[in-house]
Amino acid sequence: MSKPIVAIVGRPNVGKSTLFNRIVGDRISIVEDEPSITRDRIYAEGEWLNNHFLLVDTGGIDLNSEKELKEDIRRQAEIAIDEADVILFMLDGRTGLQPMDREVANMLRKSGKPIILTVNKVDYKKLEEEIKYDFYELGLDDPVLISAEHGLNIGDLLDEVIIHFPQEEEIEYEDDIIRISVIGRPNVGKSSLVNQVLGKNRVIVSDIPGTTRDAIDTYFKLGDREFAIIDTAGMRRRGKVKPGIEKYSVIRSLGAIDRSDVVLMVLDATEGMTEQDKRVAGYAHEDGKAMVIVVNKWDLIEKGNDTNKRYAEDIRYDVGFLNYAPITFVSALTGQRVLEILEIVEYVAEQHSRRVKTNTLNNVLKEATSMFEPPSDKGKRLKIYYATQPRVKPPLFVLFVNDPDLMHFSYKRYLKNKIRDAFGFSGTPIKIIVRER
Ligand code: GDP
Ligand code: GDP
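Because the structure is a prediction, the values reported are computed rather than measured. Per-chain numbering applies: the sequence of each chain, read as written, is numbered from 1 onward. Here the convention is simple: chains get letters from A, ligands get numbers from 1, in the order in which they are written. Since the coordinates come from a predicted model, pLDDT governs what is reported: local features require at least 70, and pairs of side-chain atoms require 80 or more to be given and counted, while whole-chain, interface and lining totals use all residues.

1. Digging into the site of ligand 1
Moving on, step 1. Neighbouring ligand 1 are 16 residues, the closest being Gly15, Lys16, Ser17, Thr18 and Glu149.
Moving on, step 2. Strands are runs of DSSP state E lasting at least 2 residues, helices are runs of H or I lasting at least 4, and numbering of each runs from the N terminus. The leading source of residues in the shell around ligand 1 is helix 1 (residues 16-31), at three residues.
Moving on, step 3. Per-class residue counts for the shell around ligand 1 are three nonpolar, nine polar and four charged. Contact assignment follows one rule, namely that a residue is near a molecule or strand if its backbone-placed C-beta atom lies within 6 Å of it. In the scheme used here, Gly and all other residues not listed as nonpolar or charged are polar, with Ala, Val, Leu, Ile, Met, Phe, Trp, Tyr, Cys and Pro taken as nonpolar and Asp, Glu, Lys and Arg as charged.

Have a look at this one:
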């Protein structure tokens, strides 16, 4: 099932993104060798005492910039109320309560969602007693006093957060069904594409014995292959969507990404990839999902020499971290190349769950390290003893080394490229972790 969603809400400058990075930052730097995508993340996975959740910094969701600040904060609160399982309502202990805080508190209180009143910038003990009572008038629970910057009381805060998680058992999918999430802004053509893909040649199945399934998803067969299209909010809805509403769909689509193997990132050819798309794509990347970029409405593009190629290059330039994702140009309107989408999905799903031979892997790494020596620091050089691939979906490689601190992200990226050169892994991110032997 989807992970619980925890949303951080509050005025600008109260410390939302500092807290966000404090909670998810470390975790990602261990596995990620692409510093570029981690910079302005607003969705990421967090973990506390084995509870995994999605953390969202609502301050980073770009709402209409021409709107007033006040309106923005109100909208963020609405998003959190609609989508989150737990809301961290953040206040600034230094400035004290502001009128806007009271207004947001009223909205949140009425929602009935679990609200954790979080007062930030309580940087030292003495401040605690002074500050605490200022916030009682909001009529919410006792505030948790933290310092995001100095990492104080973050554990207490997360203890509070996880208490409110729905106690559901995690369903582990043991079947061979390829689960697809279809992600993209409203009106890019997601439902049109899904309808085409589910057209008359597919066999929709409502019940395959011996499998775990979710009633809201659509299961179908193509040949011997079984697929499921994960339900995304609003995908079955018809007609135009009001512009403001689209921001709401973002968080819900993260849940769909979580439950899928392959993400179809749908773009409108006339619009290309927006900042919002990039962030969602960044989330899918970090979440280790296979991805296919589907440029829809290709019928609307005037074509000359190399139009596809140049369009693809622009996307590659824009989202360098997705360099493994195939790009396909389709039209849900004319049906052009729509049926090929499933072939590509099947292919990347295979790559996503592919396991390579330990022997071959070690030979590839041996060759890579002899071509380009591992980094060294203060006279000590990184030594890679051997590597294994303990996991798939996505392929995970563990390198056993003399000293993990000697690994540099640029060298990790080099090794990743070498692994890709040797094995392909088209359509799927791959992860490398480094362990001391
Ligand atoms: P956001 O706009 O709510 O995302 O706020 P930011 O995370 O960008 O933080 C705004 C400012 O508050 C930055 O200058 C931070 O360094 C500072 N800040 C964040 N947390 C703390 C804290 O715990 N103590 C103090 N003194 N400053 C903090
Ligand atoms: P969704 O909100 O992403 O599910 O988008 P829809 O499938 O509802 O499509 C939005 C609008 O774009 C509708 O008016 C569709 O008819 C139109 N549309 C979808 N795919 C295409 C396409 O390939 N070419 C053109 N020209 N229009 C399309």
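2. Considerations on the packing of helix 12 (residues 358-371) against helix 13 (residues 409-423)
Moving on, step 1. To define axes, lines are fitted to C-alpha atoms, for helices over the stretch in contact only, and angles between the resulting N-to-C directions are given on a 0 to 180 degree scale. Across the interface, helix 12 lies against helix 13 with an axial gap of 10 Å and an inter-helix angle of 130 degrees. Relative to helix 13, the element helix 12 is oriented oblique. In this structure, helix 12 crosses over helix 13, and the sense of that crossing is right-handed. Across the interface between the two elements, Val364, Leu365 and Ala368 of helix 12 pack against Leu415, Lys418, Ile419 and Ala422 of helix 13.
Moving on, step 2. Classifying every residue of the contact of helix 12 with helix 13 gives six nonpolar, no polar and one charged. Angles are sorted into four bins: roughly parallel if under 35 degrees, roughly antiparallel if over 145, roughly perpendicular if 65 to 115, and oblique for all others. Each crossing is labelled by how the near helix is turned from the far one, with a counterclockwise turn of less than a right angle marking it left-handed and a clockwise turn marking it right-handed. Here contacts are defined at the residue level, using C-beta atoms placed from the backbone and a cut-off of 7 Å between them.

3. Considerations on the sheet that holds strand 3 (residues 51-57)
Moving on, step 1. The sheet built from six strands is open, its strands ordered 2-3-1-4-5-6 with mixed pairing. Two strands bound the open sheet, and with one partner strand each, they are strand 2 (43-48) and strand 6 (144-145).
Moving on, step 2. By definition, two strands form a pair when at least two bridges between them are found by DSSP. Alignment of strand 1 (residues 5-9) against strand 4 (residues 86-92), held across four bridges, turns out to be parallel. Of the residues in strand 4, the one forming a bridge with Ala7 is Ile87.
Moving on, step 3. Where helix 4 (residues 99-111) meets the sheet, it contacts strand 1, strand 4 and strand 5 (115-120), and its direction lies at approximately 165 degrees from that of strand 4.

4. Focus: the site of ligand 2
Moving on, step 1. Around ligand 2 sit 16 residues, and of these Gly189, Lys190, Ser191, Ser192 and Leu333 come closest.
Moving on, step 2. It is helix 7 (residues 190-197) that provides the largest number of residues to the shell around ligand 2, a total of three residues.
Moving on, step 3. By residue class, the composition of the shell around ligand 2 is six nonpolar, seven polar and three charged.

5. As for the domain arrangement of the chain
Moving on, step 1. The domain boundaries here were taken from an automatic or database domain assignment. Domain annotation of the chain identifies domain 1 (5-163), domain 2 (178-352) and domain 3 (358-436).
Moving on, step 2. Counting residues at the interface gives 13 residues for domain 2, matched by nine residues for domain 3.
Moving on, step 3. Elements supplying a minimum of two residues to the side of domain 2 that touches domain 3: strand 12 (290-296) and helix 11 (340-352).
Moving on, step 4. The element contributing the most residues to the side of domain 2 that touches domain 3 is helix 11, with four residues.
Moving on, step 5. Looking at the side of domain 2 that touches domain 3 residue by residue, the class counts come to eight nonpolar, four polar and one charged.

6. Some thoughts on the environment of Ile8
Moving on, step 1. Tracing the chain through its elements places Ile8 in strand 1.
Moving on, step 2. Distance from Ile8 to Pro186, taken between C-alpha atoms, is 24 Å for residues 178 residues apart in sequence.

7. Section: unusual backbone geometry
Moving on, step 1. Residue Pro394 follows Lys393 across a cis peptide bond; omega there is 0 degrees.
Moving on, step 2. With respect to the helices and strands, the residue Pro394 is situated in the loop between strand 16 (384-391) and strand 17 (396-401).
Moving on, step 3. Positive phi outside glycine occurs at Asn153, with the angle close to 65 degrees.
Moving on, step 4. Looking at where Asn153 falls in the secondary structure, it is placed in the loop between strand 6 and helix 6 (154-163).
Moving on, step 5. Even without glycine at this site, Asp306 takes up a positive phi of about 60 degrees.
Moving on, step 6. Take Asp306: it is sitting in the loop between strand 12 and helix 10 (307-318).
Moving on, step 7. Residue burial here comes from a neighbour count, namely the number of other C-beta atoms, placed from the backbone, that lie within 10 Å of the residue's own C-beta, with 20 or more meaning buried, 12 or fewer meaning exposed, and in between meaning partly exposed. Judged by the 10 C-beta atoms lying within 10 Å of it, Asp306 falls in the exposed class.

8. So, the sheet that holds strand 17
Moving on, step 1. Strand order in the open sheet made by the three strands is 16-17-18, with mixed pairing throughout. Edge positions in the sheet fall to strand 16 and strand 18 (431-436), since each of these pairs with one other strand and no more. Between one strand and the next, the sheet's axes are offset by a mean angle of 25 degrees, whatever the strand orientation.
Moving on, step 2. Where strand 16 lies against strand 17, five bridges are found, and the strand directions are antiparallel. The residue bridging Tyr386 from the neighbouring strand is Phe400, located in strand 17.

9. A closer look at the pairing of strand 1
Moving on, step 1. Across the five residues of strand 1, five count as buried, placing the element largely inside the fold.
Moving on, step 2. Where burial is concerned, the two faces of strand 1 agree: the one with Ile5, Ala7 and Val9 and the one with Val6 and Ile8 are both buried.
Moving on, step 3. Alignment of strand 1 against strand 3, held across four bridges, turns out to be parallel. Among the inter-strand pairings, Ile8 is bridged to a residue of strand 3, identified as Asp57.

10. Considering the pairing of strand 4
Moving on, step 1. Here strand 4 lies mainly inside the structure; six of its seven residues are buried.
Moving on, step 2. Where strand 4 lies against strand 5, six bridges are found, and the strand directions are parallel. From the neighbouring strand, Leu88 faces strand 5, where its bridge partner is Ile116.
Moving on, step 3. The β-α-β motif built from strand 4, the intervening helix 4 and the parallel element strand 5 has right-handed crossover chirality. Assignment of crossover handedness uses the view with strands pointing away from the viewer, where a clockwise path from the first strand over the helix to the second indicates a right-handed crossover.

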